[in-house]
Amino acid sequence: MLLQFQGMMAEYERALIIERSRRGKAFRARSGMVNVLGGAPYGFRHIRRSDVCEARYEIVEDEAQVVREMFRRYSDEQASIGELARWLTGEGIPTRTGKDRWDRAVIRAMLRNPAYVGRAEFLKTGTTDRRPAINRQARLQGRSVSRHHAKFDRPKDEWITIAVPAIINEATFEQAERRLVDNRRFAARNTKEPSLLMGLAACSCCGYAYYRTSTRTAKRKIYYYRCLGSDDYRYPQGRVCDNKPVRADYLDDVVWTHITALLADPALVQNELDRRLTDMRATNPATSERARLERDLTRAAKAIERLVQAYQEDLSPSTSSAPACPICAPNRTASRPPSTRSKKSSSAPNAWSSATASPCETTPF
Ligand SMILES: [Zn+2]
């Protein structure tokens, strides 16, 4: 019981520490302190806090020149993000993590980062209970549920701005921002017809996802699903998978026929639901964590109930000859009949004095 109570207190203290840390970070961010931010983005160096100065971002001049040129090409010359990636890779400029190939997603994130105009933002994202779609690593490890929680973008009015040195001017950044918004609005994918397995199919050879692509013949447009691992241009040593693209209409048809046949059998559907439920219970860490917390909550509620009961009977250690924890003697307090103060004064000291050897005597309570 003592261990359970200590466990309960540890949980409570853990929650307190997390909350204090979150509040402390938000407070430091509002005070303009850079040390709440993660690693500095490309173009900056994070100088740690010392005895003589606070933590700060410092501009790395040769990287800053690359950032300025990237924004100039994107905003003034209307270069595409793919062209920027090819230019940076072609020039042999290493990325922040030392890679020699620039990913388009990295460049897109850089073009959206307001730190380059002197506004590093804190609390841009938050986490949800939802699990994101699994990635290649999870597929190769045979997992069906992601280990991480999905993130969401917080509204801009919740962001906390921290001033850092600017690398580019506001006008260039706004121009780039407008182009990114337009790209999203007029993206070709917004006008495409959806197909059944978009975002669902993955390659069993290499674990990469299949994306949909198309070719146009004289008569019509034909859609294909293609393995991400089979594209030469994505990898330094060329393709990592030899799987051929597959016609989208053929594959959709095969899968759809199979699914409708399966759905026609209710027993099969029930079995599958049961299997998935068992899998989720076993693999989802949130479920087991919740079960553990519920158990702790029940234990804590019972402990509180016993405490209240003990105090109601006025059995506080200060009035007894031998101080002890009422939680450690649940049976003694539970088995004792309800008594008045005068009755208890004769029986209680004996009951508590038997607990002098209780380990609770050393516990601050
Ligand atoms: Zn593949």
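Residues numbered from 1 in each chain as written. Predicted model: local features only at pLDDT ≥ 70, side-chain atom pairs only at ≥ 80, totals over all residues.

Considerations on the overall build of the protein chain
Within the protein chain, the regular secondary structure consists of 11 helices and nine strands. Split into buried and exposed, the 365 residues of the protein chain put 14% on the buried side. Contacts spanning at least 24 positions in sequence make up 56% of the contacts within the protein chain whose residues lie at least 6 apart. (Helix = DSSP H or I, 4+ residues; strand = E, 2+ residues; numbered from the N terminus. Buried ≥ 20, exposed ≤ 12 C-beta atoms within 10 Å, placed from the backbone. Contact = placed C-beta atoms within 7 Å.)

Structural notes on the sheet that holds strand β8 (residues 221-227)
Taken together, three strands build an open sheet; the order of strands is β7-β8-β9 and the sheet is antiparallel. With one partner strand each, in any of the chains shown, β7 (210-216) and β9 (246-247) form the two edges of the open sheet. Pairing geometry for β7 and β8, over seven bridges, is antiparallel. Across the sheet, residue Ser214 finds its bridge partner in β8, namely Tyr223. (Pairing = 2+ DSSP bridges.)

Observations concerning the packing of helix α2 (residues 61-75) against helix α6 (residues 170-186)
Helix-helix packing: each pair is described by the crossing angle between the helix axes and the interaxial distance. Between α2 and α6, the least distance of the axes is 9 Å, while the angle of their chain directions is 50°. In terms of orientation, α2 and α6 fall into the oblique class. Note on packing geometry: the crossing formed by α2 with α6 is left-handed. In this structure, α2 uses Phe71, Tyr74 and Ser75 to contact α6, whose residues at the interface are Thr172, Gln175, Ala176 and Arg179. Split into classes, the residues belonging to the contact of α2 with α6 amount to three nonpolar, three polar and one charged. (Axes fitted to C-alpha atoms, helices over the stretch in contact; angles between N-to-C directions. Parallel < 35°, antiparallel > 145°, perpendicular 65-115°, else oblique. Left-handed = near helix turned anticlockwise from the far one by under 90°. Nonpolar A, V, L, I, M, F, W, Y, C, P; charged D, E, K, R; others polar.)

Structural notes on the environment of Asp253
By the element assignment, Asp253 lies in helix α7 (residues 248-263). For the pair Asp253 and Leu196, spaced 57 residues apart in sequence, the C-alpha separation works out to 8.9 Å.

Focus on the nonpolar core
Core analysis: the biggest nonpolar cluster contains 25 residues, and Val67, Met70, Tyr74, Leu84, Ile107, Ala120 and Val164 have the highest contact counts within it. At the level of secondary structure, the elements contributing two or more residues to this core comprise α2, α3 (81-90), α4 (104-111) and α6. What Tyr74 contacts, discounting residues up to four positions off in sequence, is Ala79, Leu84, Leu111, Ala176 and Arg179. Counting residues in hydrophobic clusters, the runner-up holds seven residues, among them Tyr208, Tyr210, Cys227 and Ala248. (Core = buried A, V, L, I, M, F, W, Y, C linked by C-beta atoms within 7 Å.)

Looking at unusual backbone geometry
For residues other than glycine, phi is negative in most cases, and the peptide bonds are mostly trans. Even without a glycine there, the phi angle at Gln78 is positive, about 55°. On the basis of neighbour counts, which here come to 9 C-beta atoms within 10 Å, the residue Gln78 falls in the exposed class.

Digging into α3
When we look at burial in α3, the residues that qualify are Ile81, Leu84 and Leu88. The arc that holds every buried residue of α3, seen down its axis, measures 55°, which confines them to one face. Of the exposed residues in α3, those oriented more than 90 degrees away from the buried face are Gly82 and Gly90. As for α3, its buried residues are in contact with α2 and α4. Where α3 terminates, the next one or two residues include Gly92, which has phi positive at roughly 75°. (Arc of directions from axis to C-beta.)

Describing the environment of His149
In this structure, His149 sits in the loop between α5 (136-140) and β5 (151-153). Apart from the residues within four sequence positions on either side, His149 is in contact with Thr127, Thr128, Asp129, Arg130 and Arg131.

Structural notes on α2
Residue pairs spaced three or four apart in an α-helix point in one direction, given the helix's 3.6 residues per turn. For α2, built from 15 residues, the straight-helix expectation of 21 Å at 1.5 Å per residue is met to within 8% by its first-to-last C-alpha distance of 21 Å. Where α2 is concerned, the buried positions are Val67, Met70, Phe71, Tyr74 and Ser75. Considered in projection along α2, the buried side chains sweep an arc of 115° and stay on one side of the axis. With respect to the buried face of α2, the exposed residues turned more than 90 degrees away are Glu61, Asp62 and Gln65. The secondary structure elements touched by the buried residues of α2 are α3, α4 and α6. (Expected span 1.5 Å × (residues − 1).)

Here's the deal with the packing of α3 against α4
It is at 9 Å that the axes of α3 and α4 come closest, and there the two elements cross at 110°. Relative to α4, the element α3 lies roughly perpendicular. Along its contact with α3, which presents Ile81, Gly82, Leu84 and Ala85, the element α4 presents Arg104, Ile107 and Arg108. Of the residues contributing to the contact of α3 with α4, the split by class is four nonpolar, one polar and two charged.

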